[in-house]
Amino acid sequence: MVPVEFKTIRRNLATVLLIAAISLAVIGLALLREVSTNTGDTGSLYQNIVLVSGAGVALLLILIGTNLVRLLADLRRQRPGARLKGRLVSAFVALLIAPLAVVYIYSIYFLSEGIESWFDVRVEAGLDDALALSRSALDIRMLDNLARTQTAADELDRLGNGVDLYSVLPRLRAESGAQELSLFSGRTRIVATSSDNAIGQLPAMPTDELLLSLRRDRTYVALEPLVDNQYQVRTAVLLTGGAARDKLILQGVFRLGKSLGPLTSSVQEAATRYAELAFLRAPLKTGFIITLSMVVLLSLLLAVYAAFFVARRLSAPVQNLVAGTRAVAKGDFDTRLPAGGRDEIGFLVDSFNDMIEQLAAARADARRNEAQVENERANVEAILARLSTGVIALEKNLTIRTANQSAEELLNQPFRGNEGRFIEVLATQNPAVQQIVETLQKHLEKGETEWREQIKVSLETGARELVCACTALPGTYRSRGGFVLVLDDITELLQAQRNAAWGEVARRLAHEIKNPLTPIQLSAERIRKKIMNTIDADSGELLDRATQTIVQQVEAMRDMVNAFSEYARAPEMNLTMLDLNDLIRQVADLYPAQARQPVVKLQLDPNLPLISVDAVRMRQVLHNLIRNSLEALENQDDAAVLVSTAKVAHKKGNWVQISVQDNGPGLSPESREKIFEPYVTTKSKGTGLGLAIVKKLVEEHGGEVAIDSEPGVGTSVRILLRFAKTTGRNSIANDTDAIRRQSA
Amino acid sequence: MTPVKAETEGRFEVVRADTRLENGTWLADALVDLSLDTDTQKALQNGVPITIELQFELVRKRLLWTDAIVLEKKARIELRYMLLSQRYVVTYPDTNTQSSYATLYSALRQIGLFRDYPLVASELIDDDEYEVALRAVLVKEELPGPLQMLAFWRGDFSLESEWYRWNLRQ
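Quick caveat, the model's predicted, so the values are computed rather than measured.

What counts as what
- Residues numbered from 1 in each chain as written.
- Chains lettered and ligands numbered in written order.
- Predicted model: local features only at pLDDT ≥ 70, side-chain atom pairs only at ≥ 80, totals over all residues.
- Helix = DSSP H or I, 4+ residues; strand = E, 2+ residues; numbered from the N terminus.
- Buried ≥ 20, exposed ≤ 12 C-beta atoms within 10 Å, placed from the backbone.
- Contact = placed C-beta atoms within 7 Å.
- Pairing = 2+ DSSP bridges.
- Axes fitted to C-alpha atoms, helices over the stretch in contact; angles between N-to-C directions.
- Parallel < 35°, antiparallel > 145°, perpendicular 65-115°, else oblique.
- Left-handed = near helix turned anticlockwise from the far one by under 90°.
- Nonpolar A, V, L, I, M, F, W, Y, C, P; charged D, E, K, R; others polar.
- Core = buried A, V, L, I, M, F, W, Y, C linked by C-beta atoms within 7 Å.

Peer 1: When you look at the overall build of chain A in this model, what are you seeing that I'm missing?
Peer 2: Scanning chain A from N- to C-terminus turns up 18 helices and 17 strands. Considering chain A as a whole, with its 744 residues, one finds that 27% of them fall into the buried category. For chain A, the proportion of contacts with a sequence separation of at least 24, taken over those separated by at least 6, is 60%.

The structure is reproduced here in structure tokens:
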């Protein structure tokens, strides 16, 4: 964009040039008119006038040329409004040229004819006749004067040489009526003179022309003009006496007289003026035509410049409007057009500015609303992301609209990235999703859009109890709503309820069963002691076996009751930073390789971080798991137990995984689902509480337990414990705090 | 109207010029050959007065610098044709004198005989070397406007002689 200062300077310069051009042209034309029509003396102005007028025209040409070049450049660049300006200029110029040309042509014609009409042939002929008549009258007068001079000369000749010229000459002058009568000897010697001039002025000397005429004709007569518009007749005759070189010349000077003198002067003046005018008419016409041409040229140039000016003034608001519209189309709502005038275009400009302001305000509102909506959406997303409840939003046609992270984790199914896909398609690859979809479709078939149902879904990590609630979304004019599925994992809740129930049972059993066991055992032993010696050997053996059985069963029952007590008991957690590898080694050492006992192999990650756990609980977990495996491997030849540790990523966190794997007979899917429940066992012996206690203890640490098992291949129990990645072996305190928080 | 003969070319030429000291004044005499071209003659014989100017320059010669014009003088002579008396009138505005002639030749010859023109008083100039320059010019600015226009556009009435130069003290 051109800087404002440069634009202002250019505009001012153009104005100054325009004023200068107009002034020069007008002054030049005024003077030119004066000079062209004035047939008198005009001094040395003409050249300057032409230069001034020419300079004015040149300035106008420069201004027009500049405007034309700018217009052509604008047209080439297709600047807004350029074509309109071009059309306006063309139209104005076309409108100007035609009448101007007509006026010019007719002016030339009338000018020529008008000037010619000044000179009438009859007037010219009359003037020539007047001149001839005047000359004839003057000739008569001159011849009369010559005759008078001749008479005087004859008288002098007759009187001879001895005559007293000083007395004769005045007489002869008076008789002839001459103003001056002089007698010359040759060209320069004055013999005598007589004049009516009292001052005594010397007589006019004979001219070469006079002498030549005398030599040729012996007489001379001429009408001579004087300085003060007077005329005199000069006559001269040769006297007959005297030698050839010193011939006497009698010269007479006659005034024309009071009547003839002014008339002669008047005729002379008029004839000269008319002749001059007649002679000057061709140059005069040329002068008029040049002046007229200059006027027309100047008018044309001024009009063309005015056309540019008017076109610019007219097209400028339109140009601004086009530029403003383009800017608005590109999203620039800061554009404001310069205020228009009081005409319709000005009204249009004002309306445009109002419209832009309203658009800008509307857009600002829309942006604010959009930002607000975006904020709300972000908040909802953040809330959804942090919810432990899974949320899946579906369209009416059961395509996925959105889902949160918890939903993905609960169902072990990525939803994000699958937006727009039918949930049925995902269900074909995921049994848990399949169960959800089947439940949803079941209710939809019944026409139920608001429902709540507990669903047990099967996952790789085991069965989960989910409460699935469905709500219909309100529809809009664009979409007809959809559904929101809210999934709550109540597995832990149910487990806790079960645990609480079992704990209660355990306490009651411990209380109700444990108390009579000791009297039973003591009674049995007393019976044996008292009766053994009183009965025969066979009966004694029977008694001994029976009491032995009672004591053993009471012991077994006490163990069972103790186990229940252990299960129900929940002492306070005592978290310390431990190296799990060390703990595993300590526990594994308790199971040395023995005959018909499987080998416990270790595969421990040396880079395992320290982790905050309750050592007693964790030791029990490990014992339970290893013992479980060993019991499952009893009487198996190639039995082996592998305890391994590793760092794993799980649920976007950092976890330590302890895996206890055996190559035993494995579990059926039904057993696998219930294996962590109390009193569930696949072994011939045991309380069925081992894995239930493991699960309980691990969950007290905020960890997870999963079981993978395949009949005939083996079983693997995985324990996952969370640790903070930022905490290594050197940041025990932080890690401990973090785990404490999780436990809490 | 007086007919004009076949086309002729005008020419101004200073044939001779000199200066002489008389009564403390340097007087200039010149012989200038003047002839008018056809257009000028035609204008003259149609009543248009023409003015001939004898332009004098007194130049001080300098050895180490450009010459300096110390004096410029112009003597104007007006020539006009009287239709009634059919005589050419020569007027000297400086002295308010005039004379008339039956032929243009006589009138131009009279104008060309330029005598006793007081150029400069001797006390006004020092002993340096001075040069006098003279040329004769037809004064276009004295012509009527329309003729000036022709003179401007077509170069008509452009009559002037070369500069004739001589030492003041010959």
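Peer 1: Got a minute to help me understand unusual backbone geometry in this structure?
Peer 2: Residues apart from glycine generally show negative phi values, whereas peptide bonds are mostly found in trans. At Leu398(A), a residue that is not glycine, the phi angle is positive and equals roughly 65°. You can see Leu398(A) is positioned in the loop between strand 6 (390-395) and strand 7 (400-403).

Peer 1: Can you walk me through the sheet that holds strand 3 (residues 50-60) of chain B in this structure?
Peer 2: Paired through backbone hydrogen bonds, the strands of a sheet run either parallel or antiparallel to each other. Residue and element names in this part refer to chain B. Strand order in the open sheet formed by 6 strands is 6-5-4-3-8-9, with antiparallel pairing between adjacent strands. Of all strands in the sheet, those bounded by a partner on one side alone are strand 6 (97-101) and strand 9 (164-167). Put simply, the sheet's adjacent strands are angled 20° from each other on average, direction ignored. Taken strand by strand, helix 2 (residues 104-112) contacts strand 3, strand 4 (68-82), strand 5 (87-92) and strand 6, and its axis lies near 15° from that of strand 5.

Peer 1: What's the story with the pairing of strand 3 of chain B in this structure? I'm lost.
Peer 2: When a strand is regular, its side chains alternate between the sheet's two faces. Residue and element names in this part refer to chain B. Examined bridge by bridge, strand 3 and strand 4 share 11 bridges and lie antiparallel to one another. In the sheet register, glutamate 53 faces strand 4, and the bridge partner there is arginine 76. The pairing of strand 3 with strand 8 (residues 130-138) spans 9 bridges and is classified as antiparallel. Bridge pairing in strand 8 links leucine 58 to valine 132.

Peer 1: What am I meant to see in the environment of Asp94(B) here?
Peer 2: Mapped onto the secondary structure, Asp94(B) falls in the loop between strand 5 and strand 6. C-alpha of Asp94(B) to C-alpha of Ile77(B): the two residues are 17 residues apart in sequence and 8.5 Å apart in space.

Peer 1: Just to check I follow, could you spell out the packing of helix 7 (residues 260-329) of chain A against helix 3 (residues 145-154) of chain B for this structure?
Peer 2: Two packed helices can be described by the angle between their axes and the distance between those axes. Relative orientation of the contacting elements helix 7 of chain A and helix 3 of chain B amounts to 70°, with a least axis distance of 8 Å. Classified by the interaxial angle, the pair formed by helix 7 of chain A and helix 3 of chain B is roughly perpendicular. Seen from helix 7 of chain A, the contacting residues are Leu280(A), Pro283(A), Leu284(A), Thr286(A), Gly287(A) and Ile290(A); seen from helix 3 of chain B, they are Gly145(B), Pro146(B), Leu147(B), Met149(B) and Leu150(B).

Peer 1: Quick question: what am I supposed to make of the sheet that holds strand 6 of chain A here?
Peer 2: Residue and element names in this part refer to chain A. Spatial ordering of the open sheet is given by 7-6-10-9-8, a layout of 5 strands whose pairing is antiparallel. The sheet is open, and its two edges are formed by strand 7 and strand 8 (451-459), each paired on a single side. Strand-to-strand twist across the sheet, computed as the mean angle between neighbouring axes with direction ignored, equals 25°. The pairing of strand 6 with strand 10 (residues 482-489) spans 6 bridges and is classified as antiparallel. Counted as the bridge partner of glycine 390 is leucine 487 from strand 10.

Peer 1: Explain the packing of helix 3 (residues 82-118) of chain A against helix 7 of chain A to me, please; I cannot follow it from the model alone.
Peer 2: All names here are of chain A. Look at helix 3 against helix 7: their axes get within 9 Å of each other, and the N-to-C directions meet at 165°. In terms of their interaxial angle, helix 3 and helix 7 are classed as roughly antiparallel. For the element pair helix 3 and helix 7, the recorded crossing hand is right-handed. Of the residues belonging to the contact of helix 3 with helix 7, the class tally is 25 nonpolar, 4 polar and 4 charged.

Peer 1: Looking at this model, I keep getting lost on the nonpolar core. Mind explaining?
Peer 2: Formed by 55 residues in total, the largest nonpolar core has its most connected members in Ile52(B), Leu79(B), Val90(B), Ile111(B), Val132(B) and Leu147(B). Counting residues per element, this core draws most heavily on helix 7 of chain A, which supplies 8 residues. Sequence-distant contacts of Leu147(B), that is, excluding residues within four places in its chain, are made with Leu280(A), Pro283(A), Ala43(B), Val48(B) and Phe157(B). In this structure, Val600(A), Met618(A), Ile658(A) and Val698(A) belong to the second largest nonpolar core, which totals 37 residues.

Peer 1: Help me out: how do you make sense of the pairing of strand 1 (residues 11-22) of chain B in this one?
Peer 2: Two elements, strand 1 of chain B and strand 2 (residues 25-35) of chain B, share 11 bridges in a ladder whose sense is antiparallel. Bridge pairing links Arg11(B) to Ser35(B) in strand 2 of chain B.

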